[in-house]
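Chain by chain, the residues:
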Amino acid sequence: MTKSLTFLSWPTARPACLAAGVAVLHLLGTPAHAQILALNSVAHQRVPAEALRTVRAPKTVLLKTLLKQWENEYHATIFYESNVVDNKRVAEQPAAPGTLADRLAAVLPQVSLQFKELRINYFVVVNAPVVAGFGSPTSSALAADNVPVSGRVTDPKGEPLPGVTVLVKGTTNGTSTDATGNFSLSVPENSTLVFSSVGFKTQELAVTGATSTIAIRLSDDQQALNEVVVVGYGTQTRQELTTAVTSVGAAQIARQPVAGFDQALQGQAPGVQVTTPSGTPGGGINVRVRGNSSVSLNGSPLYVIDGVPVLPTYDQEITNGNQRANPLNTINPNDIESIDVLKDGAAAAIYGVRAANGVVVITTKRGKVGQAQVGLNVYYGRQYLRKKLDLLNSQQFAKEYNEILTNAGRAPGFPDPNNPVNSDPANPGPYNTDWQDATYHPASIQSYQLNVSGGTEKTRYYVSGGYFKQDGISLNSGFDRYNFKVNLEQSVSDRFRMGLNLNTSRSHTNGSTRSELALGNSGTVLGALTQIPTIPVRNANGTYGTNPFTLSDNPVGDLLETSNQAISYQVIGNLYGEYDILKSLKLRSSVGIDFRTQNENAFYSRNYPGTANADAATRGSGNTALSQQVIWLQENTLTYNKTFNDKHNLTLLAGESMQASDRFTSGAGTKGFPSNAVPYISAGATVVGIPYSYEEQWALLSFFGRAIYNYDERYLATVSFRADASSRFSAANRFGYFPAVALGWRVSKESFFPQGGKISDLKVRASFGANGNQEIPIYSRFSTYSLGNNYQGNGSAILGGITQNGIGNNVKWETTYQYNAGIDLSMYDNRLTFTFDIYNKHTVDLLTQVNIPLSTGAPVPSGSNATVIQNIGTAENKGIEIGLVTTNIQGNNGGFGWTTNFNITGNRNKLLDFGTQADATGNQVPRTNINDPNIVQAGSPLGSFYGFKVQGIVQSDAEGTNLPKQNSLAPKAGDIQFQDITGPNGKPDGVIDNYDRTIIGNPNPKAFAGVTNNFSYKGIELSVFFQGSFGNDIYNQNRSITEGQTTALNQSTAVLNHWSPTNTNTNIPRPVFGDPNGNNRVSDRFVEDGSYVRLKNLTLAYNLPVGIAKHAALKSLRVYATTQNLITWTHYSGYDPEVSADPLSNTSIGRDYGVYPQTRTYTLGINATF
Amino acid sequence: MKKLFILPVAGLALLAGCNFLQKEPLTNITPNNFFASGDDAEASITAVYDALQGTGAYGQDLMTMGEMPTDNCTSANNDVNQLRTISWTPTTSQVTNVYKQAYLGVNRANVVLKYVPTVAMDTARRSQIQGEARFIRALCYFTLVRAYGDVPLRLLPTETSSPSEINLPRTAAADVYAQIVADLQRAAIQMPASNNNRATKNSANALLTRVQLTQRNWAAAQASANKVIANNIPLNSTFKSLFPAENKGPESLFEIQYNPGSGDGGNLIPDEILPLPYATYSYAKFNVPSADIIAFADTVNDRRWAYNGRLQTSGGLFVGRDHVSYVDATKNQASGANANDRGPFVFKWTSIGNGFNSTDNNYVLRYAEVLLGYAEAVNEQTGPSADVLAKLNLVRQRAGLAALTAASPQYASKQTMRNEIERQRRLEFAFEGERWWDLVRYARHTLADPSAVHTITALDIIAARRAGGTRDVNFLLFPLPQAEINTNPQLKQNPGY
């Protein structure tokens, strides 16, 4: 064969140089798999070249482009191996009537190809037999020397695969598997069968004679799975992508026993940092794409769930109590098909003013053509407190407390610390209560999901229902969810399709109102750490034991006697229609909804220890609140897709979007419950405060456009633009404009690039995009007033006065300009894919609250200045991301297989500019926001820890008198000596005061990574997922109490090593009541290395052999055991290094203070299909 | 299928409507949903008055700022120590709070003046409301300009975050005074002739008198005072009947109302100045009468200071000797009384403190001040005259003092008459919050005209009370609050701080 480059490019047939790799060509086409086999004889005429040359030189087109076009036009699937069609070109075809078969027959012979219609609208294109001449090869399929073969094709899990193409190699003789994965056909003896299907690696099998026992298990083609990337208002193939998008598949998400997909994203995608800030069941998850780019605004990425943009505002879900419900929990992770994270500015720019934190596109599962398939996914597990902290026992505590008192010149609290009896004669003791054991208990986690999917050529459906329940390891806490989902697609006519995606859920969070509160507010996590061991959980008379020294609460009582039941209903979905105006022009119109309602009912029983001593008539209190939000969406897009002059591939998008929200909340509270029988506010005696209601609305009107162009799939370019008009901004700043451009070059498509070598694909790309963040309070542009303050009017009339409570603003959105460069590389037949990205995000016009002068006369809360939001400052995030997916050992047909998925990210965050403020002398100096222990200042990463530096322990009172004064006192023996860094004149001044604070830690990790190894052998699979964070600090504020040694609170065993005249070689200061020296001030004493590596998920699964499964009337059955958080390697001394007491904050991060501890979970589960 | 095209069509129709992005606050008052009726206008002016009640204004700090640095008062309370010892700094609480509260009043008045003119309501009342807002704006700016000197002059409500509109520079004091005078002159036209609870024409002219005396614009002060005097207002028949202030007398030209029974806040001052058993708590009190003023007053003949009777609790325990302006509680035997409750105490607020929630009002302007102001203005222009004596004697005679005549030694010269008028001002208005401003006024008068000698001025007190003993003119002004300096890059601190 020649590599003819004649004008007509005919006939051209390149040797197959790319091995099995199946291209999916249809973008939004209809994947169609069925079992009807229709043999089709085609006349393979060969048109004489001379005849063609007499015609005026017609243009040529890429065959694959033509096929793609026809797929769209006829809503058919044309199946071929990419090396078969390759870059072959054929004469441009005029638009003409006729069946697809007619048209294929007219074109394919130009390039020595032929086709076969396996069933309706399903065509296979293969090389024409070289020697067969013009005879129909199919006729030989019926020849007498053929032998019958049959068998079954399954996926890697053993589930039957319908619609797999089975061809005799080099012919069009073939069939496809039926809904149960079975096939049968007659083949010549000693021929080779080729099994191929979208998303799986093609396999070949030689047959020597008649057989009925062929069992083929196709393995996933990772590359192929990722090939279609959802980029927002459209899709692109991975090869043509010019932006940084990471895709995470269903298997990676569904493996983990967690409430929501956001939690399961952890460690799966480079550039995406997921932290579970606390172990609260159903709580909010912190997701940051490429670092924090805002000081004050929502740092969460925008989630686009089946086309509906959802921005989780955890704080808004809360109307009552302290729960941070997570609106993303409405989606059952089992229902997710894929997650695409749009990371660089160019990819996200199509979502404009909400895209600065990246965009996460969630696509849920769809039905496939074929018989109804029923899936059942069940797991059950137990969760345990991952780690207990070592605390003092009764005798140790009594001794410690005595020292605390005597060092301050007070009488000891326990006359005999060896027999620490309670001073209350009714409960003499001695007790030795382990409050952690009393507060935490093993809890169950369970999930059930049943789904039915299937479809015909015209209708496809996926319906599922699920129930998930996670009890909390802390008493009286938990989360459960019922969800129901429908995805429906219907072809109404040749040119018109419509569909429905609907996710509905009811979730219930049961929380004590107390768990994560501060100690002084009877937080129970801190309570379990600090309640003293010398008292009982319950007294002999049944009341709760309370601390006789400080009256602090009883964590068990606080948990059991308070509750907050939050029930939310949520619907996220859309209804769409798609109409082909022209063959290449498609109109899509949709209406979507994000509806949330949450009601909460909180109750503090009469026995709540915090108010046990209150007047009986006021005991017991209740609160209720309701929040309802409707966010509707309406979008229209036009998509134009055409190839010009064979090589110019162009996709144009123009769209319009309107989204608006209305949220209404109300609430009321009462107190004075005569009994605990009815925990609803109507049973209370007195109304507390004024019942309230509140309503707010926002709207966003957007226009956007995008052009995706490539030349010969070699030179790639994408340009997009979005204009967003937001109701949050005043008219002058209403429209934000967000352009983006991305370029790519597929080096491997160049002629100079060695074809058929180790490198199968190599692409370099670069992009720039502008994204916005508009998440300021909805009405902050208005100057608002409220009624309230009175003044005597005429006579006795009193009129309420209006006072200002908000100042309007004329700010604009924050803008993030992001530059990205990347490399995509595939090697060894796609067994190795490597992605590298380097980026620089520059966020300008940071929005933050700044104090304004008193002379504005604006509302002033007690003593301080009023604030307004202003555009101040600049932040930067830069980093690199590496993703590597390898098939180390290919496990064909049940052999040993091993794949690895590795990713690592390094991000550097820095605030470049934060404006100025005046110092005490009126000079302008850089602005700082200090919120212990964090500081926001230019030049430092967001959330840097700021405090004093420990220099050592003062060894004698005499030494202390020569040291700088701390809290205006000379430090005493055993006190901590802090470093005198500077003073008002820029020099150390012999006084330890606020001038001596400095940066003492950085909570931002230097790098974070995830690595998953999957092993398979026969039906056994082992998945090992490690995840880690490196180089981040944690401020362990718990220790400022548990090692504080200042009052009657229990301490950690670390204090056994405290300083004393006989124990001087230590870093734990002396115990002393009231901490006169400020030993417990914010200092590097409590800063710890938060680096960790953890075996996040370990799953061992067994896929029942198909034969056995069949006996049980099952198509497939997988049983598995999983543990989550099995082992954690860390130097961090607290409960868990994955922690944040302020989970929603961008600037107060890495602080551990009373955070609900994480669990270790063991689960058993099955996945079955019927 | 055709039906589905309703979607884009509906979308475009909504676009055409184009109020899609107009999302107004629904549960907040904004200028767009308010100022629609007379009730709204009344509510907005009510808030302006409310600003005067605050602790940063007459509710507490103006009352201590006007007395604690003077020869009238002393105190052992740390909260007023910096005022007493004239060692205030930019972070002194009174320095911050007075500034803050005055601008709160200015901003609220600006809201009224911006929005009320277009409210559909009774036009006469609408005009009055604007007059009242101008009066209070003038009162607040007068507080600011005499305490801090040049200050930012803001005449529109703060409704934007734009730095150029938020960070205003200082306006020259003369221009601030010009605005005050203009506001008061307009207010005097717009406000009603009488209203027990609110400001009136007489309030505006009385304040104008005080402003113009401060400017040493004697002729204008005389004219302004004359507008009040022309109304033939009587003084209260007895000085004793003036106290506590409760809208009682014809003499009251403007007082701050406290009416805690009606959902309004009460007055803190009585609890802060009175001893047990009148106060709720026992602690070191503010504004304690100094030995100097008790020695200065004629506690026998001057009915303002004379002994009036013994004060006893309901159980008959001796509390003290009532001297009208003060109580001598040196031997206080009331139950619970301790050293904090013994000694002299101001007794112009005599209701019980009621837990910092007293119903006593505070006087801002009394007719007696207009009379003395008139006398001073005329004396400074022409020296002693029958006209001066006529006004001065009204005040003297109500106090039980003999009328002065042309033969009286005080009549001898402008200087002797000046001394007499100053003496009457001090004795008449002691503890009512004006003494420091008078002393500052006298100091500036002498600085401007060394021939105008005052018996005592603020500079004498500064020299006496400040460590170092210098007559530091910088302390005639308070410093700008640090919270203002920190946030407004347009401002420079007053000299000396």
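Residues numbered from 1 in each chain as written. Chains lettered and ligands numbered in written order. Predicted model: local features only at pLDDT ≥ 70, side-chain atom pairs only at ≥ 80, totals over all residues. Heavy atoms only, no water.

**Notes on the overall build of chain A**
Next, step 1: Per the secondary structure count, chain A includes 17 helices and 60 strands.
Next, step 2: Within chain A, residue pairs in contact and separated by at least 24 positions form 70% of the contacts whose partners lie at least 6 positions apart.
Next, step 3: Of the roughly 43100 Å² that chain A leaves accessible, carbon and sulfur atoms contribute 57%. (Helix = DSSP H or I, 4+ residues; strand = E, 2+ residues; numbered from the N terminus. Contact = heavy atoms within 4.5 Å. Areas by Shrake-Rupley, 256 points an atom, 1.4 Å probe, with all protein chains shown as cover.)

**A few points about the pattern of salt bridges**
Next, step 1: The final tally for this structure, using the stated rule, is 65 salt bridges over all chains.
Next, step 2: Note that Asp306(A) is salt-bridged to Lys485(A), the shortest N-O span being 3.7 Å. With Asp306(A) in the loop between strand E18 (302-305) and strand E19 (308-310) and Lys485(A) in strand E25 (residues 478-491), this residue pair connects regions lying 179 residues apart in the sequence. The same class applies to Asp306(A) and to Lys485(A), which are both buried.
Next, step 3: The residue Arg596(A) makes a salt bridge to Asp594(A) at a minimum N-O spacing of 3.0 Å.
Next, step 4: A single salt-bridge network, built from bridges that share partners, covers Arg146(B), Arg210(B), Glu369(B), Glu376(B), Arg425(B), Glu434(B), Asp438(B) and Arg441(B). (Salt bridge = Lys/Arg side-chain N within 4 Å of Asp/Glu carboxyl O. Buried < 20%, exposed > 50% of the residue type's maximum accessible area, 1.4 Å probe, protein only.)

**Regarding the sheet that holds strand E46 (residues 934-937) of chain A**
Residues and elements named next belong to chain A.
Next, step 1: Ordered in space as E45-E46-E47-E52, the 4 strands form an open sheet in which the pairing is antiparallel. Both edges of this open sheet fall to strand E45 (928-931) and strand E52 (998-1001), since each of them pairs with a single strand only. Recorded for the sheet is a direction-independent mean angle of 45 degrees between the axes of neighbouring strands.
Next, step 2: In terms of strand pairing, E45 meets E46 through 4 bridges, oriented antiparallel. Each bridged residue has a counterpart across the sheet, and for Thr928 the counterpart in E46 is Gln937. (Pairing = 2+ DSSP bridges. Axes fitted to C-alpha atoms, helices over the stretch in contact; angles between N-to-C directions.)

**Observations concerning helix H9 (residues 201-214) of chain B**
Side chains three or four residues apart in an α-helix point the same way, a direct result of the helix having 3.6 residues per turn.
All names here are of chain B.
Next, step 1: In a regular helix each residue adds 1.5 Å, so 14 residues correspond to 20 Å; H9 covers 20 Å between its end C-alpha atoms and thus fits that length.
Next, step 2: Where burial is concerned, most of H9 is hidden: 13 out of the 14 residues are buried.
Next, step 3: At the C-terminal side of H9, Arg216 shows a positive phi close to 60 degrees. (Expected span 1.5 Å × (residues − 1).)

**Overview of the interface of chain A and chain B**
Next, step 1: Taken together, the contact pairs 81 residues of chain A with 69 residues of chain B.
Next, step 2: Overall, the association of chain A and chain B removes approximately 6000 Å² of surface from exposure, summing both partners, and the carbon and sulfur fraction of that is 63%.
Next, step 3: Looking at the side of chain A facing chain B, the largest losses of area belong to Tyr785(A), Tyr791(A) and Leu854(A), adding up to 14% of the total buried there.
Next, step 4: Across the chain A-chain B interface, the total number found is 0 salt bridges.
Next, step 5: On inspection of chain A and its partner chain B, the count reaches 18 residue pairs in polar contact (both at pLDDT 80 or more).
Next, step 6: For the side of chain A that touches chain B, the element with the highest residue contribution is strand E31 (residues 686-711) of chain A, accounting for 10 residues.
Next, step 7: Within the side of chain A that touches chain B, the residues separate by chemical class into 34 nonpolar, 41 polar and 6 charged. (Buried area = accessible area lost by both parts, 1.4 Å probe. Polar contact = N/O pair within 3.5 Å; in protein donor to acceptor, adjacent residues only side chain to side chain. Nonpolar A, V, L, I, M, F, W, Y, C, P; charged D, E, K, R; others polar.)

**A short note on the environment of Ala406(B)**
All names here are of chain B.
Next, step 1: With respect to the secondary-structure elements, Ala406 resides in the loop between helix H14 (386-398) and helix H15 (414-429).
Next, step 2: Taking the C-alpha atoms as reference, Ala406 lies 49 Å from Gly316; in sequence the two are 90 residues apart.
Next, step 3: Not counting chain neighbours up to four residues away, the residues in contact with Ala406 comprise Leu389 and Tyr411.

**Overview of the nonpolar core**
Side chains of nonpolar character tend, in soluble globular proteins, to be buried together.
Next, step 1: Residues Phe135(B), Tyr148(B), Ile180(B), Phe254(B), Trp436(B) and Phe478(B) are the most contacted members of the largest nonpolar core, which totals 134 residues.
Next, step 2: Looking at which element gives the most residues to this core, the answer is helix H6 (residues 123-148) of chain B, with 13 residues.
Next, step 3: Other than its neighbours up to four places away in sequence, Phe478(B) contacts Met65(B), Leu83(B), Trp88(B), Val95(B), Ala147(B), Tyr148(B), Trp436(B), Trp437(B), Asn494(B) and Tyr497(B).
Next, step 4: Counting 25 residues, the second-largest nonpolar core is a separate cluster that includes Ile253(A), Val308(A), Leu328(A) and Ile336(A). (Core = buried A, V, L, I, M, F, W, Y, C linked by side-chain atoms within 4.5 Å.)

**Structural notes on the confidence of the model for chain B**
Next, step 1: Counting all residues, the mean pLDDT for chain B is 92, and 96% of those residues have values of 70 or more.
Next, step 2: Predicted complex metrics record ipTM = 0.93 and pTM = 0.83. (pLDDT = per-residue confidence, 0-100.)

**Regarding the domain arrangement of chain B**
Residues and elements named next belong to chain B.
Next, step 1: Domains assigned within chain B are domain 1 (13-256) and domain 2 (267-360).
Next, step 2: On a C-alpha basis, the centres of domain 1 and domain 2 stand 30 Å from each other.
Next, step 3: When domain 1 packs against domain 2, the two sides together hide about 1900 Å² of surface, and 60% of this comes from carbon and sulfur.
Next, step 4: Viewed at the interface, domain 2 and domain 1 are joined by 1 salt bridge.
Next, step 5: Where domain 1 touches domain 2, the interface holds 7 residue pairs in polar contact (both at pLDDT 80 or more).
Next, step 6: Looking at the side of domain 1 that touches domain 2 residue by residue, the classes come out as 10 nonpolar, 8 polar and 5 charged. (Domains from an automatic or database assignment.)

**Quick notes on the packing of aromatic side chains**
All names here are of chain B.
Next, step 1: One pass over the structure, following the stated rule, counts 53 aromatic pairs over all chains.
Next, step 2: A network of ring pairs unites the aromatic residues Trp88, Tyr99, Tyr103, Tyr141, Tyr148, Trp436, Trp437, Phe475, Phe478 and Tyr497 as a single cluster.
Next, step 3: Cation over ring: Lys285 sits above Tyr283, and NZ or CZ is 3.9 Å from the ring centre.
Next, step 4: One residue, Arg321, lies across the ring of Tyr307, its end atom 4.0 Å from the ring centre. (Phe/Tyr/Trp six-rings, centres within 6.5 Å; stacked < 30°, edge-to-face > 60°. Lys NZ or Arg CZ within 6 Å of the ring centre and 35° of its normal.)

**Brief notes about the pairing of strand E6 (residues 146-154) of chain A**
Residues and elements named next belong to chain A.
Next, step 1: Most of E6 is tucked away: 8 of the 9 residues are buried.
Next, step 2: Bridge analysis of E6 against strand E9 (residues 182-188) gives 7 bridges, and the strand direction is antiparallel. Bridging across to E9, Ser150 finds its partner in Ser184.
Next, step 3: The pairing of E6 with strand E12 (residues 211-217) spans 5 bridges and is classified as parallel. Within E12, the residue paired with Gly151 across the bridge is Ile214.

**With respect to unusual backbone geometry**
Next, step 1: For the peptide bond that leads from Asp932(A) to Pro933(A), omega is 0 degrees, which places it in the cis range.
Next, step 2: Within the element layout of this structure, Pro933(A) appears in the loop between E45 and E46.
Next, step 3: Residue Pro277(B) is reached from Leu276(B) by a cis peptide bond, and omega for that bond is 10 degrees.
Next, step 4: Along the chain, Pro277(B) falls in the loop between helix H11 (269-273) and strand E3 (288-289).
Next, step 5: Phi angles above zero are rare outside glycine, and Asn476(A) is one such case at about 60 degrees.
Next, step 6: For Asn476(A), the position within the fold is in the loop between strand E24 (459-471) and E25.
Next, step 7: The backbone phi angle of Val324(B) is positive, close to 65 degrees, even though this residue is not glycine.
Next, step 8: If you trace the backbone, Val324(B) turns up in the loop between strand E5 (318-322) and strand E6 (326-328).
Next, step 9: The buried category is assigned to Val324(B), whose relative accessible area is 4%.

**Examining the side chain of Glu489(A)**
Next, step 1: Secondary-structure assignment places Glu489(A) in strand E25.
Next, step 2: Not counting residues up to four positions away in its chain, the partners in contact with Glu489(A) are Arg366(A), Gly367(A), Lys458(A), Thr459(A), Arg460(A), Met498(A), Gly499(A) and Tyr576(A).

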